[in-house]
Amino acid sequence: VSKQMLEQVLRELQPLCTTEQQFIEKFFQLNHSAADLQVLEVSARTLSSPVPLAKEPTTQLLCEIFSCLEPELRGFLDICNKVHPFGCLQVLVTLNDSIFEMWDSSSSLPSSFLNTVLGNMLLLAKSSFNKCIGTLCKEIEEAKLPSKMKGGILPSVSRFEEFVNFSEEVFRTAQRRGELDKAHLRLAGSVFSSINSLSSANLKVNTDMVMMENFHHIHCFLCQKKIHCLEGKKREAKQRYGEHMEKYVIKYLGQPLEKLHHFFEGVKARVAQGVKEEEVSFQLAYSKQELRKVIEKYPGKEVKRALETLYRKIHKYLSPEENLLPVVWHAMEQEFLRQYQEFEDLIQRCYAGSGIAMDFTMEDLLSYFNSITLSN
C-alpha cells in the first residue's frame, strides 16, 4: 500500500512542478539559455550531486513556493520505511524507478527544483537502506543461540534467507540493483562469520556437524536463487560444507575402532621417527602380542554393533530437513574402508609373516554397511 501511495505522490509531483515552472517562466518572462539547460540535464541525469542552481530565478521562486515539499516528503518516506521491517528497500526501488521513469517519459526537462528535491530524497533513501543493512548485519553476527540448540539451521541463516527472499522479490523489476548486490555481499559475510564463530560451548552437539549442515543449507539456497554477485559465496559455502563434513566424519570414526586406531597411530609415529618397519614389532608397546590383544577387542560382530550405534547417533542428531544422512553415511563408509586398508597395509609391512589378521575382512565391512543402510 505504501508503495502505491509513494508512486502516486511522485507521479503527481512532476506535472505540478512543471506547470508551475512554465507559468513562472511565462509570467516573469524567464528563459533558460541553452547552456543552462545542458548543465541542468547533466545534473539531473546523474542524480548524485545536483549542480546548485540557487541563483537561477525560476528555481529560487519554486523553492519559496514549495518550501514545505522537502520536509513533507522526508516525513512521508520516514512513515513508508516504518510500515515494514524492510520498508526502506521498497522506498529505494520506488524512488529510483519513478525518477528514471519520469526522465524516460518526459519530452520536456523536469524542473531543476524537482530534480534537486528528488535527488535529495534518493540520497536519504540510500542512507536509510544502508543503516537497515548495517543493523541486520550486526543482528546476524550477534545472534544468540537458543539455550537448548541441538543442531539444525541457525537463526542467523534463516534471517539471511528471509531478507534475500524479500529483497529479491522487491527488486525483481527494479531498473538498478547495485545497492542490493552490495547489501547481499555484506550480509553473506556476516552469516559466514556467525557460523565460523560457533563454539562447542554453546552447542549440545558436534560443532562440525552444525557447521556442515548450515554451510550445506546456504549452498543449496544460493544454487536455487541464482544471484550473480553471490556466486563466490556459493562456492565458498560448498567448500566449507565439504571441509566440515570431513572433520565430522574423521572425528566420529575414531570411535568404532578407537584402540586399533591409537595402536596404529603409534606404529606410524615410530616409523616416522626412523624405526625400520621390520623392527617395530620389537618395541615393547608395539609387539606382536600387543597387536593381538588389541585385535581381539574387535570381533566382527562387535564392529557391526558399533557401526549400528554410530548410525543411530548420527541419525538422531542430523536435522531431517537437510537430508544429509545418506551423504554423511557414505562418507563414513569410505573413510572406514580407507582406515581398514591402512591397518591391513601396516600389518603386512611391520608384522610380515606373523599370521596376524583382523577378525573381519573388507567384504565383511561392506556387508555391515549395506545391511545397516538397507534396514534403515
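Anyway, here's the lowdown on the structure attached to this text.

Rules used in this analysis
Residues numbered from 1 in each chain as written. Predicted model: local features only at pLDDT ≥ 70, side-chain atom pairs only at ≥ 80, totals over all residues. Heavy atoms only, no water. Helix = DSSP H or I, 4+ residues; strand = E, 2+ residues; numbered from the N terminus. Buried < 20%, exposed > 50% of the residue type's maximum accessible area, 1.4 Å probe, protein only. Areas by Shrake-Rupley, 256 points an atom, 1.4 Å probe, with all protein chains shown as cover. Expected span 1.5 Å × (residues − 1). Phe/Tyr/Trp six-rings, centres within 6.5 Å; stacked < 30°, edge-to-face > 60°. Lys NZ or Arg CZ within 6 Å of the ring centre and 35° of its normal. Axes fitted to C-alpha atoms, helices over the stretch in contact; angles between N-to-C directions. Parallel < 35°, antiparallel > 145°, perpendicular 65-115°, else oblique. Left-handed = near helix turned anticlockwise from the far one by under 90°. Contact = heavy atoms within 4.5 Å. Nonpolar A, V, L, I, M, F, W, Y, C, P; charged D, E, K, R; others polar. Salt bridge = Lys/Arg side-chain N within 4 Å of Asp/Glu carboxyl O. Disulfide = S-S within 2.5 Å.

**What to know about the overall build of the protein**
Okay, step 1: Along the backbone of the protein there are 15 helices and zero strands.
Okay, step 2: Here the protein holds 376 residues, and the buried ones make up 45% of them.
Okay, step 3: Split by element, the accessible area of the protein, about 20200 Å² in all, is 53% carbon and sulfur.

**A short note on the environment of P320**
Okay, step 1: As for its placement among the helices and strands, P320 is situated in the loop between helix 13 (300-317) and helix 14 (325-350).
Okay, step 2: The exposure class of P320 is exposed, given its relative accessible area of 70%.

**Things to note about helix 7 (residues 155-170)**
Okay, step 1: If you check helix 7, its first and last C-alpha atoms are 23 Å apart, about what 16 residues at 1.5 Å a residue would give, namely 22 Å.
Okay, step 2: Within helix 7, burial applies to S156, V157, F160, E161, F163, V164, S167, E168 and V170.

**Side note on the packing of aromatic side chains**
Okay, step 1: In total, this model carries 12 aromatic pairs according to the counting rule given.
Okay, step 2: Look at F160 and F221: their rings are 6.4 Å apart centre to centre, the planes differ by 70 degrees, and that puts the pair in the edge-to-face class. Within this pair, whereas F160 is found in helix 7, its partner F221 is found in helix 9 (residues 207-225), the two being separated by 61 residues in sequence. For the pair shown, F160 and F221 are each scored as buried.
Okay, step 3: Look at Y248 and Y252: their rings are 4.8 Å apart centre to centre, the planes differ by 50 degrees, and that puts the pair in the tilted class. A residue pair is termed a helical-turn pair when its members lie 3 or 4 positions apart in one helix, as Y248 and Y252 do in helix 10 (residues 231-253) at four residues.
Okay, step 4: By way of ring pairs, the aromatic residues F263, F264, Y286 and F343 are connected into one cluster.
Okay, step 5: Positioned over the ring face of F192 is K233, at 4.8 Å from the centre of the ring.

**Topic: the packing of helix 11 (residues 258-272) against helix 12 (residues 288-296)**
Okay, step 1: Running from amino to carboxyl end, helix 11 crosses helix 12 at an angle of 155 degrees, the nearest separation of the two axes being 9 Å. Taken together, the axis directions place helix 11 and helix 12 in an arrangement best described as roughly antiparallel. Handedness of the helix 11/helix 12 crossing: left-handed. Contacts from K259, L260, F263 and F264 of helix 11 reach helix 12 at E290, L291, V294 and I295.
Okay, step 2: Of the residues contributing to the contact of helix 11 with helix 12, the split by class is six nonpolar, no polar and two charged.

**A short note on the pattern of salt bridges**
Okay, step 1: Applying the stated criterion across every chain yields a total of 17 salt bridges.
Okay, step 2: The shortest N-O distance in the salt bridge between E169 and R172 comes to 3.1 Å.
Okay, step 3: Its relative accessible area of 48% is what places E169 among the partly exposed residues.
Okay, step 4: When salt bridges with common partners are traced through the structure, they connect E265, K268, E335, R338 and E342 into a single cluster.

**Description of the state of the cysteines**
Okay, step 1: A full pass over the atoms with the stated rule returns zero disulfides.
Okay, step 2: Lacking any disulfide linkage, C88 is separated from the closest cysteine sulfur, that of C132, by 3.7 Å.

**So, unusual backbone geometry**
Phi is mostly negative for residues that are not glycine, and the peptide bonds are mostly trans.
Okay, step 1: Positioned with a positive phi, K226 is a non-glycine residue whose angle comes to about 55 degrees.
Okay, step 2: By secondary structure assignment, the location of K226 is in the loop between helix 9 and helix 10.
Okay, step 3: Positive phi is not limited to glycine here, since N323 has a value of about 50 degrees.

**Notes on the packing of helix 7 against helix 9**
Okay, step 1: For the pair helix 7 and helix 9, the least separation of the axes is 11 Å and the interaxial angle reads 10 degrees. On the basis of the axis angle, helix 7 is roughly parallel to helix 9. Only N214, H217, I218, F221 and K225 of helix 9 make contact with helix 7, whose side of the interface consists of V157, F160, E161, V164 and N165.
Okay, step 2: Residues belonging to the contact of helix 7 with helix 9 are distributed by class as follows: five nonpolar, three polar and two charged.

So yeah, pure geometry; function would need other evidence.
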